[in-house]
Amino acid sequence: DFLFGLMISAIATPSQPLVLFLDDLQWADITSISFMKSVLKNSESKCFLFIGSYRNNEVSDGHPFAEFLSDISTRDIPVTKIELDNISKENVNDLISNVICMPKLHTKSLTDIVYRKTGGNFLFVNQFLKTLYSTGLLTFSLDSESWKWDTAAIEMKTIPDDVVRLLVCRITMLPVQTQHVLKMLSCIGSACTKSTLHLFINDMDLHSTETTNMASSRENDSFSSLEVAIGEGFLNKEGSSYNFAHDQIQFVTYSLIPKDRRDQLHLQIGYNILKNKPSDDRGNIFFIAVNQLNRGKLAMDEGMKELVAGLNLKAGHEAISLSAFQNSALYFAAGISLLCNDCWNKSYDLSLKLYSSYAEVEFCNGHFDEVGRVTKIILQKAKSLQDRLRAYSTLIKTLGAQKQSRNAIEISLSVLGDLEEPVQYTSREDLVKTLHIFTKMDNSQFLRLKKMDDNTKGVVMKLLHTLSFHCFFSESKYLPFALNRMLELTLSHGVCKESCSAFATISFMLCGLHGDQTGSSRAGELALLLLDISHAKEYESNVRNFVSTTQSWTDPLRLTIKRKFSSYEIGMQTGAIDDAMYSAAGCCYYQFFCGIELPILEKDCRRFIKQMSEYKQTLAKDRVTILLQVALNLMGKSNNPLDLTSETMVQSQYIEECPKQMKCGFYILSSWLAYLFGEYELASSAVSSRMEVEKNTNKKIEWCGMTLFYDCLIYLASARRKQNSLTSDISGKSKMSGFYPTALMKKLVDYTQCNNQHRLLLVEAEVAYSKGEYNVAIEKYDSAIVAAEVVGILHEQAICNERAGDFFLAHGNIKRATSHYGHAIDLYHRWGAQAKVDHLCKQIPL
């Protein structure tokens, strides 16, 4: 679904719009409906039109398609409904006149009968005319060179008065061999390729559907029979595919197979396809075979059920490799349904694999209630701790996704204890010391490390990986332990797929002004190196997401947006939904940092929030929700631009419920808003609150130096407003001793000049302004504005101009102040911050 959505976005353009039409949606299964829902919800293209048709008399209130219609009607998806009735009597006359090439006046008597019998149902009209022709009631006269019919004879002839019975009548008049082949085809569905028919049609015994003693026909007879069906209008041939001309024809044909023989027939078809499928089949034919076998459930003995359950296990994993997680869940569920009541005793290994795989894929699908139900069964039935580990891992991830990180951590620690893995206090310094053992290695030395071959330690690594993820967001003291232990196991027992995730997480933890940037960069390099050689697809999204944050300290900022989005796509394709959603959140934040126009940011935030809600990724959703609210406030879509409460969130509730790490993010964004709207005391208070919370977090949120940049601006603005020295109190409560704005900003520029040069210049200009260094301040403001234009971050260009305007206004240079304020207003407007435009226009006394 995700990949198809990407394809639509790529090919649907203004110059080449795309229309997708799907017919007979009343027959759509759950997987197809899920696909349609995903495409409609995830497609952002204005150049894509979806058209669907269905018979409303076959869609009751409880029908899955009715639920689909109800769902899309509640979403922001424009829908147009067009109801089509049967064709009118005049239309029927037009049709008959055109078909038999006679004037409308002459065909009226035939039209009267046809319309009375069919009511204008197009399929019925078509089949009724064919029946008249096949029974000799509608004939072509060579003498008069025109069509003839006997109205009285037609009235006397007993012809079924509904389309189903008429079709039954017509199909049963076909040769027996043709009927047999049509029935085989109807078992597959509305269409089947010739190559697939080759695999089973010759091995099918007519005894499965007929009471005659006819022998199985040869291949050429079978395909000749298909040509007969095409000639009679029951089938169409498109390329190498045979399609039923109408879904009712397929339905009626299938209904002619006795109910007590259908399961056996499906079983035979599935078995023959499986037996004859080519060795190079890439899954499609295998899926058809398994689907047929599943439909033959009632005809299976216990041994066959176990065999087919195993095939469903294989099909489920094949579907996962194609990123078809909904289909995968259906195969695993089908396999479980085939297991006997005593399966955990009689088929233990198969039961364990099916249940564990089903729980994992339902986590990917966001069906957490089902995950809870299935993992509970596994934990009760599994014979050993080793066999329960996959279920524990899935359960832990599910709890974490639902903001139950503490429960997730407790279970992780409990299981580690059962595995006799010592849990001990580890400091950040201990972690850095262990990391340095690796960072001293060159690539060749690192690649010579052995591969981990101890399965138990491999399981421990998986648990430690999951533990570290949840420890980070819950500010747990166990984070350094989890990461350090992963490094120790990598040293002592060898590298594994989880090792690359450990290095990536450490790289993220240590990056920034308060970390070890050299060690962080090297850890990121080792993570990517190990990712390439270990082919750890399941961790690729996680690794690239963390490492992209490290790289944002040294690389151009806009590059991080691309990297985050790529990480999101990889996660969606590989089933790492939680990593994909965190990558999506990061993508939104870096768009904000780079000054992407706020309406575009709003659109992307809403799109990802919707997706996060569907997958029940609550933590990631909350992260993006606060950013969306900031954007809405700036755009003027809230009553108070400083209060982060509206349709999307309640500020007080958010602060109370969110983890400390996210609470720090909230205070940072609040301080930025307060600063932009000139509320420096409020901004200072938010900074002070954040610093208090930061004391109990694993990592300070620095956002590649932007937190420091705004801290400096808030500090300087507050100090200047109070007319105090630069060492004055920023928060009104405590001294920020050792806070030297210029020195810290210079350290930031050392990391990446292209991202931070304009920020340093602006801070230097503000410092010079506060010190009364008039000429230095002018030079620095001018340089900051030029440097900001080069980087192209709209709101920071605007801030540079606004601060320059404040400076010149304070010194009586009205002309230059007016010019800079004008540029600032224009830039804020381009950014989409209408609330800030209105605020600035009201505040400047010009």
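The following refers to the structure shown.

The rules behind each value
Residues numbered from 1 in each chain as written. Predicted model: local features only at pLDDT ≥ 70, side-chain atom pairs only at ≥ 80, totals over all residues. Heavy atoms only, no water. 1 Å grid on protein atoms, 1.4 Å probe; cavity = no way out; pocket = protein on both sides within 12 Å on 5 of 7 lines; lining within 4 Å. Points joined across faces, edges and corners; volume = space filled by probe spheres on them. Helix = DSSP H or I, 4+ residues; strand = E, 2+ residues; numbered from the N terminus. Nonpolar A, V, L, I, M, F, W, Y, C, P; charged D, E, K, R; others polar. Pairing = 2+ DSSP bridges. Salt bridge = Lys/Arg side-chain N within 4 Å of Asp/Glu carboxyl O. Buried < 20%, exposed > 50% of the residue type's maximum accessible area, 1.4 Å probe, protein only. Contact = heavy atoms within 4.5 Å. Phe/Tyr/Trp six-rings, centres within 6.5 Å; stacked < 30°, edge-to-face > 60°. Lys NZ or Arg CZ within 6 Å of the ring centre and 35° of its normal.

Within the structure shown, the criterion is met by 2 cavities of 30 Å³ or more. Empty space within the largest cavity amounts to approximately 490 Å³. Phe472, Phe508, Arg623, Ile701 and Trp703 are, among the 29 residues lining the largest cavity, the residues nearest its centre. In terms of residues, the lining of the largest cavity owes the most to one element, helix H30 (residues 577–593), which gives 5 residues. When the residues that make up the lining of the largest cavity are grouped by side-chain class, the tally is 17 nonpolar, 6 polar and 6 charged. Considering only enclosed or pocket space, the second largest cavity measures out at about 50 Å³ in volume. What lines the second largest cavity is Phe363, Lys397, Gly400, Ala401, Phe469, His470, Asp578, Tyr582 and Gln617. The set of elements that each furnish at least two residues to the lining of the second largest cavity consists of helix H20 (385–401), helix H24 (455–474) and H30. A total of 3 residues in the lining of the second largest cavity trace back to one element, the largest contributor, which is H20. Tallied by class, the residues present in the lining of the second largest cavity amount to 4 nonpolar, 3 polar and 2 charged.

Pairing geometry for strand E3 (residues 138–141) and strand E4 (residues 146–149), over 4 bridges, is antiparallel. Looking across to E4, one finds that serine 141 is bridged to serine 146.

Taken as a whole and assessed by the stated rule, the structure comprises 30 salt bridges. With a shortest N-O distance of 3.0 Å, lysine 104 and aspartate 94 are connected by a salt bridge. With a gap of 10 residues between them, lysine 104 in helix H5 (residues 104–118) and aspartate 94 in helix H4 (residues 89–100) connect regions that are remote in the sequence. Assessed through its relative accessible area of 26%, aspartate 94 is described here as partly exposed. A salt bridge links arginine 170 to glutamate 232; the nearest nitrogen and oxygen atoms lie 3.2 Å apart. Taken as a pair, arginine 170 in helix H8 (residues 163–172) and glutamate 232 in the loop between helix H11 (219–231) and strand E6 (235–238) lie far apart in primary sequence, 62 residues in all. By relative accessible area, arginine 170 is classed as buried at 5%.

Glancing now at the environment of asparagine 542. Within the secondary structure layout, asparagine 542 lies in helix H28 (residues 537–551). Spatially, the C-alpha atom of asparagine 542 lies 8.5 Å from that of threonine 505, the residues being 37 residues apart in sequence. In contact with asparagine 542, other than residues within four places in its own chain, are His465, Phe469, Ser501 and Asp579.

With that settled, consider the packing of aromatic side chains. Inspection of every chain in the model, using the stated rule, returns 37 aromatic pairs. Ring geometry for tyrosine 589 versus tryptophan 703: centroids 5.3 Å apart, planes at 35°, classification tilted. Taken as a pair, tyrosine 589 in helix H30 and tryptophan 703 in the loop between helix H35 (680–694) and helix H36 (706–721) lie far apart in primary sequence, 114 residues in all. For tyrosine 589, a relative accessible area of 4% translates into the label buried. We classify tryptophan 703 as buried; its relative accessible area is 13%. Ring geometry for tyrosine 675 against tyrosine 680: centres 5.5 Å apart, planes inclined by 40°, an arrangement best described as tilted. For the pair shown, tyrosine 675 and tyrosine 680 are each scored as buried. An aromatic cluster of three or more residues is present, and its members are Tyr589, Tyr590, Phe592, Phe593, Trp672, Tyr675, Tyr680, Trp703, Phe709, Tyr710 and Trp831. Directly above the ring of phenylalanine 286 sits lysine 314, whose terminal nitrogen or CZ lies 4.9 Å from the centroid. A cation over an aromatic ring shows up here: lysine 383 above the ring of tyrosine 348, its NZ or CZ 4.4 Å from the ring centre.

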